[in-house]
Amino acid sequence: MYINCHTYYSLRFGTFSEKVLLQLAQDNQVTQLVLTDINNTSAGLNFVRLAPEYGIKPLLGIDFRNGVNQQFIGIAKNNEGYLELNNFLSEDLHEEKVFAPIAPKFENAYIVYPFEQVLQNNQKVFAPHEFIGISIANLRKLPFSRLSKLKDKLVVQQPVTFRNKTDFNAHRLLRAIANNILLSKLEKTEESDEENKMFPIENLTAAFSEYPFILENTERLMSSCSIHFDFSKERKPQNLQTYCGTREEDEEMIERLCHQGLAYRYPDGGVGIMERLEKEMKLIKRMGFVSYFLINWDIVTHAREQGFFYVGRGSGANSIVAYLLRITDVDPIDLDLYFERFINLYRANPPDFDIDFSHRDRPIMTQYIFDRFEHVALLGTYVTFKDKGVIRELGKVFGLPKSEIDSLSEGQYDFSKLDEIALLVLKYGRLIKGMPNYLSIHAGGILISEKPLHWFSATNLPPKGFPTTQYDMVIAEDVGLFKFDILGQRGLSKIKESLEIIAYNQFKGAVTFDIHDVKRFIKDPIINNLVKTAQCMGCFYVESPAMRMLLKKLEVDNYLGLVAASSIIRPGVSKSGMMREYILRHRNAGRAEKLAHPVMLNIMPDTYGVMVYQEDVIKVAHLFADLDLGEADVLRRGMSGKFRSRAEFQKVKEKFFENCRKKGYDERLISEIWNQIASFAGYAFAKGHSASYAVESYQTLFLRAYYPLEYMVAVLNNGGGFYRAEFYVHEARMLGATIHPPCINKSFTQNVIYEKDIFLGFGYLHELENRVAERILKERVENGNFSSLESFLDRVFITVDQISILIRIDAFRFTGVNKHKLLWKAHLFLNKNVKVDHPKLFPPKHQNFKIPQLHTTDLEMAFTQLELLGFCLCSPFALLAEAPKNTRCVDDLPRFLNHHIDIYGYLVTVKHTSTSKGKRMHFATMIDQQGKVFDTVLFPPVAAQYSFRGKGIYRFYGKVVSEFGFLSIEVIKMQKQDYVPDPRYADMKTSTKVFNAKKQHPRKNETQSMG
């Protein structure tokens, strides 16, 4: 009898989940009900999926409202009716229209107008599919209304939004958050009626006992409706079924493409290639995944035709078919990739391909997919209310001052001293936490379906301009919709731009190469030496301090080692304690045979019996615990958190232990292996995924090895990487570049290189307006370089404050005129009050002003660069108020091994972390006085005493230690060093004396530059 039920997907209105709604219905002896969230269908699929567990017939509809004002509800008679309702809602959401008071005509959906709305609209005529909703509250007015005569049109419409008073209070808070107002300012018209609750079915029947025809009408309406989505294990995939039109044509096409790919991928043949191809093809056809492969082939083929770079990742890299179709660049034969991780007979969902494009090319590829296929949408995901966010929102609603909100959100309070309002914030914060806040877009998921996507839900139209589903990837998979992951990453942009820069900068006969010839790269000793010595700054996935540390500890000097390292670095292996064990087994021959269980070593000989990849979970579950491949995959997915059915996962876990006991394994061993799986599986990579990462790493390592300066410019132009831009500028200098600040005649918006001279782009000048930079470049392209400041001012419309930025950064240094003199000239030539933005007909005559003699110091320039660029182009050690007491550097660390060292370092990056006991500690990467990198660690006792205070130079006293050959400093004492006073604001005579004193007593390597 309940045809108007809400969940918390009635955003910032409803108060509980679809699961709670079903439990509520069961508790009140309700056997069927209609889910009608407000302008939303997010809960629909999961509501239908869960309903049978509660013995309830699920029906679907939509509550159409303008704000909180209900216009009507639509109830789907069947799936076609649900499609109609979703089409209608989506159109209004996309175009941001308001709903008219009268609904359009639906062929397969009922419309119910609320009693009050009918009176307000003065509706008198109703179509056969239209009804009038009567709530318990309306029964008092019904006898006195003309509508009481329309007996055939009256149905029960008792809205369900709350369970109790707590829910109602939470609802009021959500409404205040939605309106961004104090709770005390919330008007009654913005709230729902507190009595909009579900009553036991006998109570509802009793309330309408004087109007049995209303109950009969409602029963008849609901009985005529049904909705069905297949969530069974045998469900058919809902993705586009065929690529060519028929299954036979698809199969013929994929076979033809694979045989064409053989000539490209395996020109010299190879052992086991055809057998692997036949095995895969047979299973792909049997599972009905051919169209999935062909759609991915279509996408990457179009990308190559456009000259776009891409990387195919995910478990799809385990497939030779994907390799032959050029979806991936990983050879599964060469790496012995486990095909069953990719596809097996027990797996209902298609293989997983993640295709990365340049962040610049991805929007174009997304548009292509929407244009190429008929039924396409981005996959949605919900941003929920989080701990701190909820407290901040509720703090504002209750009118708490900012200081109190900050204390509550950071947990900095004594619970016993909190007042009543603060306690309410915490109480309702716990209640609202986890509720959906707003719909967002999945990082890369795109759905391409056989049916219209409105068959499953309505769609929103976010700012990106692509329709987006109102449900997430988990329920999409449950109903048989499997996403295509189209992702954007800057690493590919760096590769693409590097090739463009090399083409123009290596004009003296650049060597031609194929950036996709990874097989050549992985055999190159120069590239492998970069990996071994961890000289990987700017290179994809291998440049972070943690990865640099791991590469040195593992002594990685080959592709397979890098593939393993790419997965070992993940939190799962580290958390399980097996990262350290892997390193020990790698460095100590025979350790694996002594410590690894024979079965584990036999399963994973390449990784010394240590689980490193996601496939290892499947292998161990299958071969160690005798689970079948389907059960093993349930285990893997359950560990990763993507699998929803915890009951099925628990069943597999019990079978794991039971089978191991039957095989006679020691209880301690069983628990140890299980704990390794549990701590590891959710964070590990598939081996093919790691291999794909390693391919891109080798491509970037090749560029760094052979075209280092061009590559560093591309890195800088694409947002850098793990580190700040300053350190890529420093790296370029260490590799032989000369770094120049922005120049009016040489620079562009981004950085540019001329042989070995790198000119920083105007984009680094944060205070320089984009339109000014565009104006400069347009004028320079059309009419040539500027000959002087006067020439520039005549040709470019610019304000005094903007020209000052360019002069201060020395962008007019080609004139040979001191910048202070140029600033005087600019102020004298420019009239602040008169701005004429048009070309002058005749060159103006300039008055020759007499300007006093002025000087600029290098120190002053450094501080100006710090202000305008964010970093200086000289060594920061040159800015110290007090010269370092020593010149110790990275080269000195070996001779101080197991001894204490006093050393200075410029902070690159710091990682704040906690021990297993929750105590704070720090890992910091520094640059020494020669520009070389070293690492420090502050354990909890030291971290409690000393802390990093932002960018700058620190003096350390600590012990040099070695772990597997990787040297670092365990800090005992630390002190941040002061810079000299900024000479631009201090007494100029004093600052000049300081700088001159530095020149007279140069320190060793002090003039070594770094950015």
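Refer to the structure presented above.
A brief look at the structure comes next. Everything numeric in this text was worked out from a predicted model, so none of it was measured. (Residues numbered from 1 in each chain as written. Predicted model: local features only at pLDDT ≥ 70, side-chain atom pairs only at ≥ 80, totals over all residues. Heavy atoms only, no water.)

Considerations on the pattern of salt bridges
Following the criterion strictly, the structure yields 50 salt bridges and no others. Across the pair Lys388 and Glu410 runs a salt bridge, and its minimum N-O distance is 3.5 Å. Of the two residues, Lys388 sits in helix H15 (residues 387–398) while Glu410 sits in the loop between helix H16 (402–409) and helix H17 (420–432), which places them 22 residues apart along the sequence. Classification of Lys388 by relative accessible area gives partly exposed; the value is 45%. Here Glu410 falls in the partly exposed class, since its relative accessible area comes to 42%. Here the residues in one salt-bridge network are Arg808, Glu867, Asp982 and Arg984, joined through shared partners. (Salt bridge = Lys/Arg side-chain N within 4 Å of Asp/Glu carboxyl O. Helix = DSSP H or I, 4+ residues; strand = E, 2+ residues; numbered from the N terminus. Buried < 20%, exposed > 50% of the residue type's maximum accessible area, 1.4 Å probe, protein only.)

Details of the packing of aromatic side chains
If you walk through the whole model with that rule in mind, you get 50 aromatic pairs. Between Phe702 and Tyr706, the ring centres sit 5.3 Å apart and the planes meet at 40 degrees, which makes this aromatic pair tilted. Placement of the pair is Phe702 and Tyr706 together in helix H32 (residues 687–706), with a separation of 4 residues, close to one helical turn. Assessed through its relative accessible area of 2%, Phe702 is described here as buried. Linked through ring pairs, Phe64, Phe72, Phe88, Phe99, Phe106, Tyr113 and Phe126 together constitute an aromatic cluster. Above the ring of Tyr110, the side-chain terminus of Lys77 is found at 4.9 Å from the ring centroid. Looking at Lys153, its charged tip hangs above the ring of Phe131, at a distance of 5.1 Å from the centre. (Phe/Tyr/Trp six-rings, centres within 6.5 Å; stacked < 30°, edge-to-face > 60°. Lys NZ or Arg CZ within 6 Å of the ring centre and 35° of its normal.)

A closer look at the sheet that holds strand S15 (residues 738–740)
As summarised here, the arrangement of the 3 strands in space is S15-S17-S16, forming an open sheet in which the pairing is mixed. Each having just a single partner strand, S15 and strand S16 (752–754) make up the two edges of the open sheet. Mean inter-strand twist for the sheet, computed between neighbouring axes without regard to direction, equals 25 degrees. Judged from the 3 bridges that link them, S16 and strand S17 (residues 757–759) form a sheet pairing that is antiparallel. Opposite Val752, over in S17, you have Phe759 as the bridge partner. Sheet contacts for helix H33 (residues 708–717): S16 and S17; angle to S16, the most-contacted strand, approximately 165 degrees. (Pairing = 2+ DSSP bridges. Axes fitted to C-alpha atoms, helices over the stretch in contact; angles between N-to-C directions. Contact = heavy atoms within 4.5 Å.)

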